[in-house]
Amino acid sequence: MDLDHVCTLHKRWFRNLRIIPQRPDHVEYRLTSLFYGLRQEIKASGGPVDENRYWYEFLAPLAKMRVDGLMEGPDGNLTQIETITFSFHWFLAPLFWLLRPLFNKQKEDILRDDSALLERVYELDKTGFKRLEPSLPRVVVYGGDGFFGHLVVEDLLKYSSAEIIVASRHPKTKAFNFSKTRVRMVESDVNDYASVLSTIEDAKVVVSCIGPYQGQSLNLLRACIEKHVAYVDVADDRDFVLRCHQMASAVNDAGIPAFVGCSVVPGMSSLLTKYCQQEIPSIERTRIFISPGTQHPRGRGSFLCLLSTVGNEFSIPKGVGQKIVHGWTGREQVCFPPPMGHRWVYFVVDIADYFLQPLYFNVKTVEFKIGSELDILNRTLSGLREFKKLLRLKSADWLLPMSKVLIYAASLFGTSQGGVMVEVSGQNNDAARNMCLSVFANERGEVIPSILPSLATQMILQGEVAYRGLVPLPDWLPRERFLKELTKRQVGMAVKTDETETWLALD
């Protein structure tokens, strides 16, 4: 069943089509009906009966409409007959009787457009015209309608030729800035394994942008292993990444590349640490800092992750042992490249770098801190930690609506600057060395987390990724290539060392 024409050919009547499952013999989908300006969310289904007959039905809040269709006659002289049956409560009969002229007008309009399309196709076939159906590689982006997922989709639309399937439990209408014909919406719940298997069928790459990752199912990675589809995610949670690494042998046996943690942390932080290691071979301590702008508030997953960290206890590598820290403690001021400048940061969340930095670089001490450009937000969350401790609250998730209002209000005074910085300390020829690398943006800093997952997907599609199994995050992207990709997106990189003591931009 071809659905591509529904919201294009009949855009006067239908918008925002989201596929649920689709097979050659049956399809289910949701769409927005625009019945003379009346907007309704409708579930529809349909399928062929044989080569000449078909059916489909619409389930609206007040009624069900079933259409049984028949096409007969030779090519060029087809007769299309459709029988429409309405099912509704008896007391609505007068209303539907009055609306008959409007229903007839709508159906005549749809049949006229469908007939014109069939006639045009027949005319082109008679002239010997051969349609070249583009064979675009398919990329499924789970959470592609969320804050960061939307940015990943936009980047893929701009820098790749892939067909993008945006999968979500409740897909939202998004005005993607590029070719809408390359984006399709699919309803799929990552916790429903059968739904995931159906959605990623025939995909080249699956990208997970679903947050928060704390406690999230590994269904998407398992499905990619079963279907032999390349996998990319933007996970930052230590436990989630650790569970993915425990499946390393299965990923390797499937012969697919899997980029686990391909975001700012641990993806970008691992790359920056690797670039620093060229100057400081023996790394003893890695410190990672993030400061996002507040002009563009994040999505629900980011808010939940933020609240889950307030006052929570976790351990971090410290020398030969572990150190216990609490979310939104360890207040410290650090200096990012200009124009960002000085920012206040805190211990926040149990990130994957606490597991991966010792694994990749044998680092003994790892710290991660994050802070808003508006210190009032930092102090508010720090105060919430004290409030939570005083009342012995286990969770602050009930504050989600209030915190969203606060951050949306703060967005009126914030900027779109943002950046990540890695500070490395260690030895080079028995001499103590310190070095900082930062990726930052003067405007639209929110795009920084979308760069690596999009770039990894593009490189997989272009056959540039030779890895099979879990891809080592520090080793897949040379610094020159990374700089080139950053520059294309108006994002910069700067370095600071013991010798310079000031930030120097890298070209």
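Residues numbered from 1 in each chain as written. Predicted model: local features only at pLDDT ≥ 70, side-chain atom pairs only at ≥ 80, totals over all residues. Heavy atoms only, no water.

### Comments concerning the sheet that holds strand β13 (residues 282-291)
Note on sheets: strands pair through backbone hydrogen bonds, and any given pair is parallel or antiparallel. Where we set the bar: At least two DSSP bridges between two strands are required for those strands to pair. Numbered from the N terminus, helices here are DSSP runs of H or I no shorter than four residues, and strands are runs of E no shorter than two. What counts as an axis is a line fitted to C-alpha atoms, over the stretch in contact for a helix, and the angles between N-to-C directions run from 0 to 180 degrees. We call two residues in contact whenever any of their non-hydrogen atoms come within 4.5 Å of each other.
Taken in spatial order, the 8 strands make up an open sheet running β16-β17-β18-β13-β19-β20-β22-β23, and their pairing is mixed. In this open sheet, the two strands that pair with only one neighbour each are β16 (329-335) and β23 (504-506). Taken over all neighbouring pairs, the strand axes of this sheet differ in orientation by 25° on average, direction set aside. Strand direction decides the pairing type here: strand β17 (residues 342-347) and strand β18 (residues 365-370), joined by 2 bridges, are antiparallel. Note on β18: the bridge partner recorded for Y346 is I370. Contacts from helix α9 (residues 264-277) reach β13, β18, β19 (418-428), β20 (431-441) and β22 (492-497) within the one sheet, and its direction differs from that of β19 by about 40°.

### Regarding the packing of aromatic side chains
How we decide: When the centres of two rings from Phe, Tyr and Trp lie within 6.5 Å, Trp using its six-membered ring, the rings pair. Their planes under 30 degrees apart give stacked, over 60 give edge-to-face, and anything left gives tilted. Each residue is placed in one exposure class: buried if its accessible area under a 1.4 Å probe, protein chains only, is under 20% of its type's maximum, exposed if it is over 50%, and partly exposed if it falls in between. By definition, being over a ring means that NZ of Lys or CZ of Arg is both within 6 Å of the ring centre and within 35 degrees of the ring normal.
Going through the model one piece at a time under the given rule, you end up with 18 aromatic pairs. With a centroid separation of 4.9 Å and 85° between ring planes, the pair formed by F35 and Y36 is classed as edge-to-face. Classification of Y36 as partly exposed rests on a relative accessible area of 36%. Measuring from centroid to centroid gives 5.0 Å for F259 and W476, while their planes differ by 75°, and the two rings are edge-to-face. One end of the pair, F259, is in strand β12 (residues 257-259); the other, W476, is in the loop between β21 (469-470) and α15 (479-488), with 217 residues separating them in the sequence. Judged on exposure class, the residue F259 and its partner W476 are both buried. Taken together through their ring pairs, the aromatic side chains of W13, F35, Y36, F86, F88, F96 and F103 make up a single cluster. Over the aromatic face of W344 sits the side chain of R331, whose NZ or CZ is 3.9 Å from the ring centroid. The lysine or arginine in question, K369, covers the ring of F347, its NZ or CZ lying 4.6 Å from the ring centre.

### Describing the pattern of salt bridges
To be explicit about the condition: A pairing counts as a salt bridge when a side-chain nitrogen of Lys or Arg comes within 4 Å of a carboxyl oxygen of Asp or Glu.
Scanning the entire structure with this criterion turns up 29 salt bridges. A salt bridge links E41 to R18; the shortest N-O distance between them is 2.8 Å. Remark: R18 occurs in strand β1 (residues 14-23) and E41 occurs in strand β3 (residues 38-48); sequence separation between them is 23 residues. Judged by relative accessible area, R18 falls into the buried class, the value being 7%. As a salt-bridge pair, E332 and K369 come within 2.8 Å of each other at their nearest N and O atoms. Placement of E332 in strand β16 and of K369 in strand β18 is noted, with a sequence separation of 37 residues between them. Linked by salt bridges that have partners in common, D155, E464, R481, E485, K488 and R489 make up one network.

### Notes on the packing of helix α7 (residues 238-245) against helix α11 (residues 353-361)
Put simply, the rule reads: We call two directions roughly parallel when the angle between them is under 35 degrees, roughly antiparallel when it is over 145, roughly perpendicular when it lies between 65 and 115, and oblique otherwise. Following the grouping adopted for this structure description, the nonpolar residues are Ala, Val, Leu, Ile, Met, Phe, Trp, Tyr, Cys and Pro, the charged ones are Asp, Glu, Lys and Arg, and the polar ones are all others, Gly among them.
Packing of α7 against α11 brings their axes to within 8 Å, and their N-to-C directions diverge by 50°. With respect to each other, α7 and α11 are oriented oblique. Contact with α7, carried on its side by R238, V241, L242 and H245, involves Y354, F355, L356, L359 and Y360 of α11 and no other residues of that element. Its residues placed into classes, the contact of α7 with α11 shows 7 nonpolar, 1 polar and 1 charged.

Any link to function would need more than the numbers given here.
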